[in-house]
Amino acid sequence: MKIRYHLAVIFSKLTYFLLRLLGRNASHTPGAVAMAICPKYLEIAPKAPVAICVTGTNGKTTVANMLTDALLSLGRSAVSNRLGSNIVPGVAACVSNSLNIWGKCKVDCTVFEVDERASRLILPFIKPDYLIVTNIFRDSLKRNAHPDYIFGIINDYTPNTTKLILNADDLCSAMLRPENKRVYYAIEEMKGDIIDSVNIVTDHSICPKCHSPLSYEYRRYHHIGRAHCPSCGFASPRADYSAAVYPNEGIMCVTNMGESSDYPLVSDIVFNMYNEVAVIAALSQIGFGSEQIASAMEKASIPDTRLKETVINGSSVIMAMSKGQSCISSCRTFDYVSSLPGDKMILLVLDDYYDRKNSVEFIGWIYDVDYEFLNKPDVVRVAALGPRCLDHRVRLLLAGIDDERIFCEKDELLGARELPLKGAQKIFVLYDTSTYDLAVKVAGVIENRLQNA
Ligand SMILES: [Zn+2]
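All of these numbers come straight from a predicted model, not from anything done at the bench.

Draft legend 1. Spotlight on the domain arrangement of the protein. Structurally, the protein comprises domain 1 (2-298) and domain 2 (307-452). Between domain 1 and domain 2, the C-alpha centre-to-centre distance is 29 Å. Taken together, the contact pairs 19 residues of domain 1 with 23 residues of domain 2. In this assembly, domain 1 packs against domain 2 so that about 1600 Å² is buried in total across both faces, 55% of it on carbon and sulfur atoms. Among the residues of domain 1 in contact with domain 2, Lys142, Ile200 and Ile269 are the three that bury the most area, contributing 30% of the side total.

Printed below as a string of structure tokens:
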């Protein structure tokens, strides 16, 4: 097995080198080569002094990237699978990058973003020191089935030795592996919190212990918030890293073990606030002090692929990620963009590109998404672009949006050319993970039109 391992390291690195010469990412194939030569590659490869895995339904890419950037800016050598897949070959390729040609680890830290469903093939072998779970939500039925199914996978395959960094405001992931060491993070009550859910999807409305209705002290969206059971005393866990957020001052104040420290607020979007406090908790657990963490967070930013604004002749074209088939991601984005001030137009470029080519897309997810958020007077038009545009139109009509405010076109680029642009200061282009390149082209057409107007 030792010989296989060393051959795997050498051929994986050779593959990486050749692919890079060809100008490719080399973030997947070197890992697939390593696993083909040595099936126990992930298990045998020596681990970095600090190995961190990040999983969960939403936010894992942002958290893993922000954490890696912070580690690098704090002078640690770190590798992550940010350019690659978050399933086995991507993780194996990242392991290869953490090794020298002799198969010895050459970095201080590894950060692996792990697909929650693939975690059973990764966590038992990587045996991370820390596992950050951002949240567990209802996701694509086709890919992830039910949240309990995903909970079961992470719960069953996380090693006993892994310390968990969990979101106390998510009653689902907060219940993972009660016997493991853990710390919790949370965001304290803030302006805009509600008590009763306004979302179609609201899991965790009953007590997991006695099945009585839960009482929420505050709620952000869906089941995210702080709850307790009036019947048996069950309650959301107490947070070890409790964040108070001051958006006007651009500050997040995190209290840990009685000490409070201020950090720059990287984003005013609530789910990104959770991502930031998860990163702060992880850096603190690794051993960094609050001043070091604050200096790293000064340099932190949300990657451009998630939210990017271009201003042309007084109008803004804003790209925003809205993962199709994952109802929570789309709900959050719909809620956020529709609540921003000013007259706006919202373009939906969400139809899964891969599904369109290779399989039948399950459209049930659009009935879990609150299209009702888009029914606001200052949303002057909603444009559904793509082969499923008529499905979106039915859902928009059910949400009470006037037909005259809905624009539909099966061909995304034709739609971008013909869509009436008058009346909107902000034009949002919402895209799915698989439609980013297409959405960039759509935004490009709109930007050209604004330029020439
Ligand atoms: Zn109870």
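Draft legend 2. Layout of the nonpolar core. Counting residues in each nonpolar core, the largest one holds 75 residues, and the members touching the most others are Ile52, Leu71 and Leu283. The biggest single contributor to this core is helix H9 (residues 270-286), with 10 residues. Each of domain 1 (2-298) and domain 2 (307-452) accounts for three or more of the residues forming this core. Leu123, Val133, Phe151 and Cys172 belong to the second largest nonpolar core, which has 39 residues in total.

Draft legend 3. Molecular detail of the coordination of the zinc ion. On the protein side, the zinc ion has Cys207 (SG), Cys210 (SG), Cys229 (SG) and Cys232 (SG) as donor atoms, found 2.3 Å from it. If you look at the zinc ion, its four donor atoms make angles of 101 to 114 degrees with each other, and the shape they trace is tetrahedral. Donor residues for the zinc ion, ordered by position in the chain, follow C-x2-C-x18-C-x2-C. In this pair, Cys210 is assigned in the loop between strand E6 (182-187) and strand E7 (215-221) and Cys229 in the loop between strand E8 (224-228) and strand E9 (241-246), connecting sequence segments 19 residues apart. The class of Cys229 is buried, set by a relative accessible area of 3%.

Draft legend 4. Quick peek at the packing of aromatic side chains. Enumeration over the complete set of coordinates arrives at three aromatic pairs. When the centroid spacing of 5.1 Å and the interplanar angle of 90 degrees are considered together, the rings of Phe334 and Tyr371 count as edge-to-face. With Phe334 in helix H11 (residues 327-339) and Tyr371 in the loop between helix H12 (353-358) and strand E15 (379-385), this residue pair connects regions lying 37 residues apart in the sequence. Each member of the pair, Phe334 together with Tyr371, is buried.

Draft legend 5. Structural detail: the pairing of E7. Counting buried residues in E7 gives five out of seven residues, a clear majority hidden from the surface. Two strands pair when backbone bridges link them, and E7 and E8 are joined in this way by five bridges, in the antiparallel orientation. Paired with Tyr216 across the two strands is Ala227, which belongs to E8. Taking the residues that link successive antiparallel strands as the turn, the E7-E8 hairpin has two residues, and the phi of His222 there is positive, at about 45 degrees.

Draft legend 6. The state of the cysteines, seen in detail. The final tally for this structure, using the stated rule, is zero disulfides. Free cysteine Cys94: the closest other cysteine sulfur is in Cys53, separated by 9.4 Å.

Draft legend 7. Representation of helix H8 (residues 147-157) in the model. Among the residues of H8, those classed as buried are Pro147, Ile150, Phe151, Ile153, Ile154 and Asn155. Among the structural elements, strand E1 (50-55), strand E4 (130-133) and helix H7 (141-144) are those in contact with the buried residues of H8.

Draft legend 8. Main features of the side chain of Ser27. Structurally, the position occupied by Ser27 is in the loop between helix H1 (2-21) and helix H2 (29-37). Engagement of the side chain of Ser27 in a polar contact is seen with the backbone oxygen of Leu83, the distance being 3.0 Å. Excluding anything up to four places from it in sequence, Ser27 contacts Leu83, Gly84, Ser85, Pro89, Gly90 and Ala93.

Draft legend 9. Local environment of the environment of Met35. Structurally, Met35 is set in helix H2. Under the relative-accessibility criterion, Met35 is labelled partly exposed at 22%. A sequence separation of 53 residues divides Met35 from Val88, and the C-alpha atoms of the two residues are 8.6 Å apart.

Draft legend 10. Representation of a nonpolar patch on the surface in the model. A contiguous nonpolar patch, built from Ile3, Leu7, Ile10, Phe11, Leu14, Phe17, Leu18, Leu21, Ile101 and Trp102 and spanning about 1100 Å² of accessible area, is present on the exposed surface. Among the structural elements, Leu18 can be located in helix H1.

Draft legend 11. Broad picture of helix H4 (residues 60-73). With 14 residues, H4 extends 20 Å from end C-alpha to end C-alpha; this agrees with the ideal 20 Å at 1.5 Å per step. With respect to burial, H4 is a largely interior element, 10 of its 14 residues being buried. Looking at H4, one finds that the buried residues are Lys60, Thr62, Val63, Ala64, Asn65, Met66, Leu67, Thr68, Ala70 and Leu71. For H4, the elements touching its buried residues are E1, strand E2 (78-80), strand E3 (109-113), E4, H9 and helix H10 (290-298).

Draft legend 12. Quick peek at the sheet that holds strand E11 (residues 259-264). Here nine strands make up an open sheet; going across it, the order is E2-E3-E1-E4-E5-E6-E9-E10-E11 and the pairing mixed. At either end of the open sheet lies a strand with only one pairing partner, and these are E2 and E11. Ignoring which end each strand starts from, the neighbouring axes of this sheet average 20 degrees apart. As judged from the four bridges shared by strand E5 (residues 163-167) and E6, these two strands associate in the parallel manner. Across the sheet, Ile165 pairs through a bridge with Val183, a residue of E6. The strands touched by H9 within the sheet are E1, E4, E5, E6, E9, strand E10 (251-256) and E11, with E6 carrying the most contacts at an inclination of about 145 degrees.

Calculation criteria
- Residues numbered from 1 in each chain as written.
- Predicted model: local features only at pLDDT ≥ 70, side-chain atom pairs only at ≥ 80, totals over all residues.
- Heavy atoms only, no water.
- Domains from an automatic or database assignment.
- Contact = heavy atoms within 4.5 Å.
- Buried area = accessible area lost by both parts, 1.4 Å probe.
- Core = buried A, V, L, I, M, F, W, Y, C linked by side-chain atoms within 4.5 Å.
- Buried < 20%, exposed > 50% of the residue type's maximum accessible area, 1.4 Å probe, protein only.
- Helix = DSSP H or I, 4+ residues; strand = E, 2+ residues; numbered from the N terminus.
- Donors = N, O, S within 2.8 Å, 3.2 Å for Na, K, Ca; no water.
- Tetrahedral: all angles 85-135°; square planar, octahedral: opposite > 155°, others 65-115°.
- Phe/Tyr/Trp six-rings, centres within 6.5 Å; stacked < 30°, edge-to-face > 60°.
- Pairing = 2+ DSSP bridges.
- Disulfide = S-S within 2.5 Å.
- Polar contact = N/O pair within 3.5 Å; in protein donor to acceptor, adjacent residues only side chain to side chain.
- Patch = residues over 30% accessible without salt bridge, like charges linked within 9 Å, V, L, I, M, F, W, Y side chains within 5 Å.
- Areas by Shrake-Rupley, 256 points an atom, 1.4 Å probe, with all protein chains shown as cover.
- Salt bridge = Lys/Arg side-chain N within 4 Å of Asp/Glu carboxyl O.
- Expected span 1.5 Å × (residues − 1).
- Axes fitted to C-alpha atoms, helices over the stretch in contact; angles between N-to-C directions.

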